[in-house]
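Geometric and topological summary
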Amino acid sequence: MLSCSMPIREAFRLALQSVLGSKLRSFFTLLGIIVSVAFLVAVVAVIQGMNAYVKDTMTGAMIGTNAFQVRRLPIAIGLLSDEELKAIQRRPKLTMDDAEAVRRALPDAQAISIQSGWPTPTSDISHRNNTVGDVMIFGVTPDYQLVLDYRFAAGEPLSDPDIRERRPVAVVGSEVAEKLFGTAERAIGQRVRLAGREMRIKGVTARKGRVLGQSFDGFALIPISTFEAIYGRRLTTTVSVKMRNPEEIAGAMDRAQEAMRLSRHLRPAEVDNFTIDKADALVNFWRRLTKVLFTVIPAVVCIGIVVGGIVIMNIMLMSVNERTREIGIRKALGATRRDIRRQFLIESLVLATLGGIFGVAAGWGLSVVVSQFTPLPARITGWSVAVSLLLGAGTGVTFGVYPAARASRLDPIAALRAE
Amino acid sequence: MSDRVIHVEELVREYPMGGEKVLALRGLTLSIRRNEYVAIMGPSGSGKSTLMNLLGCLDTPSGGDYWLNGQEVSRLTDDALARVRNKEIGFVFQTFNLLPRASALHNVELPLVYAGVGSRERRERAVRALTRVGLQNRMHHRPNELSGGQRQRVAIARALVNEPSLLLADEPTGNLDSTTSEEIMRVFSELHAQGQTIVVVTHEPSIAAHAERVVVLRDGKLDSDTRNRAAA
């Protein structure tokens, strides 16, 4: 014998009919779920977008591709405890000798540079009456320009004699050049005031664009020898190494570590008094930060979903109440408890799943708006959409159980008498 | 196999009311044979609504037995009763009890939906039932687009669509004017002529006059059980 009850397809058709029959009410019922799901999708999209951005763009722009750094302090210094921080405060500065030791150990490196570190000083740069404010000043060796893959729009890069002879020359970002002189070409050979000294602009780099609203073209590179004459030797001086292929990085980092230990005369038992980090450290640092967000989001979403679920339960109870007569008719005609339960359960499932779908759509729209009108990038991920839809459906079923059970237990005689 | 569609024996139904028990039926025994057309009458409080609920398997008795079409149904669970209602009984109510947002056709299909009949067969059988009551041109109208008489015809078609062994009508003309009432009673007589077993619960003698047998209840007991010469 065939199953003696309403087919599921019929129940779904009925549910859709009922939900769409009162669109406005359904919408308000679902507001909680829509908002929660939209929030989930949008925030995850923004975080994922930033992750991808940090990985693809920021590390390239800030550390250079296929590059690693020999540093006094680790990149992700914000993650260290106070004790760890105190222990590494006594580390010596990086010197030219250290850079030389690394260079000897890595003859196959594409470029090895030394650069002034964080915090980068800023200075106004002025030419006659024009001034560009707060330009970041980096003191570097010529290889730095290779490490960061700078291309030149005009002029030429800093050279070894510039460093050796501590020449007052600078390479500026395209933004600085354009603001002062209109075009990159016109800037070449011009004398400007920078950090209180007169310097000649030697080269202008091509545009790198903006990351998170931050321009990567508003800087000036000067010989590190010139830089140290102005600002002194910095605690955070850093050595950057660029390899030709990503596969070479791990081995090169090991050799650099060995060379540094030799150069520093460390005994085997002593720990490194320097840090070797690659771009991953920056990505990891960012990931650690977003992990906090990823623990907060579920809590917020849960609250929203529970509230949304209770609203759904309320509306379903109301609907059971209003449709008491209908339930009575259906029971008189042969609907079993299971049939009635299934009808209302599927109705609340359909309702909540629609909420999930609208929420995903709203979240999607929100992330598009965010990435369109703010510097934050956004990237919708499949799993957040899947989680949202499951969450919607799950809420519908969970909070539909009680109203559905109540409907199924109605006495047909009393239900038929209801108005 | 006996040709009794309904056989109730010593049927008792009591309701708790404010700590006391009220006896609505006090040991009723009654048999109805296949293709009988019976009117159940009685003043209010006589227990005819209670009997109608029990005969319709919407309720179970506190005592006594009820065989419907040879099956003992007085001790069944809710869901088993639902299946019996679905298979054996066609209801016609005073207030029609159609689903307001569904078309006539869909209303008539409803019992078949719960019987698990496939959609094509459902449609064919519903169309046949509506044609039987003369509504083949109103199949896609909603109840509020139909007159009272037409609504009751839809309800009758719905009651017939499962080919029940019993058509059970509760004051079927209570909400209709006299002309329309006559029309509906003619439909009942036609169905009876085609072999349908019919039980009509009513307090109107003019309606009961259409039946071939009149059962009168008083105080939860059988008062009289007479053959109607005019109808027979």
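Residues numbered from 1 in each chain as written. Chains lettered and ligands numbered in written order. Predicted model: local features only at pLDDT ≥ 70, side-chain atom pairs only at ≥ 80, totals over all residues. Heavy atoms only, no water.

Attention now goes to the nonpolar core. The nonpolar side chains of a soluble globular protein tend to be buried, and buried together. Ranked by size, the top nonpolar core spans 68 residues in total, and within it I6, I40 and L68 of chain B carry the most contacts. The greatest single-element share of this core, amounting to eight residues, is contributed by helix α2 (residues 23–62) of chain A. Sequence-distant contacts of I40 of chain B, that is, excluding residues within four places in its chain, are made with K48, L51, L55, V199, V200, V201, T202, V215 and L217 of chain B. (Core = buried A, V, L, I, M, F, W, Y, C linked by side-chain atoms within 4.5 Å. Buried < 20%, exposed > 50% of the residue type's maximum accessible area, 1.4 Å probe, protein only. Helix = DSSP H or I, 4+ residues; strand = E, 2+ residues; numbered from the N terminus. Contact = heavy atoms within 4.5 Å.)

In this section: helix α6 (residues 178–193) of chain B. Residue and element names in this part refer to chain B. The first and last C-alpha atoms of α6 sit 22 Å apart over 16 residues, in line with the 22 Å expected at 1.5 Å per residue. For α6, the complete set of buried residues consists of T180, S181, I184, M185, V187, F188, L191 and H192. All buried residues of α6 lie within an arc of 150° about the axis, which places them on one face of the element. Exposed residues on α6 whose side chains face more than 90 degrees from its buried face are S178, T179, R186 and A193. (Expected span 1.5 Å × (residues − 1). Arc of directions from axis to C-beta.)

Now for the packing of aromatic side chains. Residues and elements named next belong to chain A. Under the defined criterion, the tally for this structure stands at seven aromatic pairs over all chains. Seen in terms of ring centroids, F27 and F28 are 5.5 Å apart; in terms of plane orientation they differ by 70°. Their pairing is edge-to-face. Between F227 and Y231, the aromatic rings sit 4.8 Å apart at their centres with planes inclined by 40°, giving tilted as the arrangement. Taken together, the positions of F227 and Y231, both in helix α9 (residues 224–231) and four residues apart, correspond to about one turn of that helix. Residue F227 is classed as buried on the basis of its relative accessible area, which comes to 0%. Y231 sits in the partly exposed class, given a relative accessible area of 29%. (Phe/Tyr/Trp six-rings, centres within 6.5 Å; stacked < 30°, edge-to-face > 60°.)

Our focus in this paragraph is the sheet that holds strand β7 (residues 166–170) of chain B. All names here are of chain B. Taking strand neighbours across the sheet as the criterion, the six strands line up as β6-β7-β8-β3-β9-β10 in an open arrangement whose pairing is mixed. Strands with a single pairing partner mark the edges of an open sheet, and in this sheet they are β6 (89–92) and β10 (221–227). Across the sheet, the axes of successive neighbouring strands diverge by a mean angle of 20°, strand direction being ignored. Across four bridges, the pairing between β7 and strand β8 (residues 198–201) is parallel. The residue bridging L168 from the neighbouring strand is V199, located in β8. Its contacts with the sheet put helix α2 (residues 78–88) on β6 and β7, and the angle it makes with β6 is roughly 80°. (Pairing = 2+ DSSP bridges. Axes fitted to C-alpha atoms, helices over the stretch in contact; angles between N-to-C directions.)

What follows deals with the domain arrangement of chain A. A common way to report how large an interface is uses the accessible area buried once the components associate. Segmenting chain A into domains produces domain 1 (8–56 + 284–417) and domain 2 (67–278). If you average the C-alpha positions of domain 1 of chain A and of domain 2 of chain A, the two centres end up 53 Å apart. (Domains from an automatic or database assignment.)

A separate point is the pattern of salt bridges. What the rule picks out here adds up to 25 salt bridges over all chains. Here D98 of chain A and R264 of chain A are joined by a salt bridge, their closest N and O atoms 2.9 Å apart. Here D98 of chain A is found in helix α4 (residues 96–105), whereas its partner R264 of chain A is found in the loop between α10 (248–263) and β13 (275–278), with 166 residues between them in sequence. For D98 of chain A, a relative accessible area of 3% corresponds to the buried category. Accessibility expressed as a relative area gives 14% for R264 of chain A, which makes it buried. Beyond isolated ion pairs, a larger network of salt bridges with shared partners links R33, E36, R213, D225 and R227 of chain B. (Salt bridge = Lys/Arg side-chain N within 4 Å of Asp/Glu carboxyl O.)

Let us look at the layout of surface pockets. Volume-wise, the second largest pocket comes out at about 800 Å³. Contributions of two or more residues to the lining of the second largest pocket are made by α15 (412–417) of chain A together with β1 (4–17), β2 (20–33) and α1 (48–55) of chain B. It is α1 of chain B that contributes the most residues to the lining of the second largest pocket, five residues altogether. (1 Å grid on protein atoms, 1.4 Å probe; cavity = no way out; pocket = protein on both sides within 12 Å on 5 of 7 lines; lining within 4 Å. Points joined across faces, edges and corners; volume = space filled by probe spheres on them.)

A few words on empty space enclosed by the protein. Enumeration over the complete set of coordinates arrives at one cavity of 30 Å³ or more. For the largest cavity, the full set of lining residues is A332 and L333 of chain A together with R85, N86, I89, G90, F91, P111, R158, A159 and N162 of chain B. Elements with a minimum of two residues in the lining of the largest cavity: α2, β6 and α5 (148–160) of chain B. Of all the elements, β6 of chain B adds the most residues to the lining of the largest cavity, at three residues. Split into classes, the residues belonging to the lining of the largest cavity amount to six nonpolar, three polar and two charged. (Nonpolar A, V, L, I, M, F, W, Y, C, P; charged D, E, K, R; others polar.)

We now examine the environment of V215 of chain B. Residue and element names in this part refer to chain B. For V215, the location among the structural elements is in strand β9 (residues 213–218). Overall, V215 belongs to the buried group, its relative accessible area being 0%. V215 sits 139 residues away from L76 along the chain, and the two C-alpha atoms are 26 Å apart. Setting aside anything within four residues of it in sequence, one finds V215 in contact with L30, V38, A39, I40, M41, L222, S224 and D225.

The subject of this paragraph is the sheet that holds β1 of chain B. All names here are of chain B. Sheet architecture is open: four strands sit in the order β2-β1-β4-β5, paired in antiparallel fashion. Because the sheet does not close on itself, it has two edges, and the strands there are β2 and β5 (71–72). Bridge analysis of strand β4 (residues 63–68) against β5 gives two bridges, and the strand direction is antiparallel. Among the inter-strand pairings, W67 is bridged to a residue of β5, identified as E72. The strands that α1 touches are β1, β2 and β4; relative to β1, the one it contacts most, it runs at about 125°.

This part is about the interface of chain A and chain B. Every contact between the two is made by 28 residues of chain A and, on the other side, 26 residues of chain B. Here chain A meets chain B over a buried area of about 2,300 Å², counting both sides, of which 56% is carbon and sulfur. Applying the counting rule to chain A against chain B returns one salt bridge. Its salt-bridge partner being R337 of chain A, residue D78 of chain B comes within 2.7 Å of it at the nearest N-O pair. At the boundary of chain A with chain B, the tally comes to seven residue pairs in polar contact (both at pLDDT 80 or more). Counting only elements with at least two residues in the side of chain A that touches chain B, the list comes to α1 (8–21), α12 (324–332), α13 (337–373) and α15 of chain A. Here the side of chain A that touches chain B takes six residues from α12 of chain A, the largest share from any one element. (Buried area = accessible area lost by both parts, 1.4 Å probe. Polar contact = N/O pair within 3.5 Å; in protein donor to acceptor, adjacent residues only side chain to side chain.)

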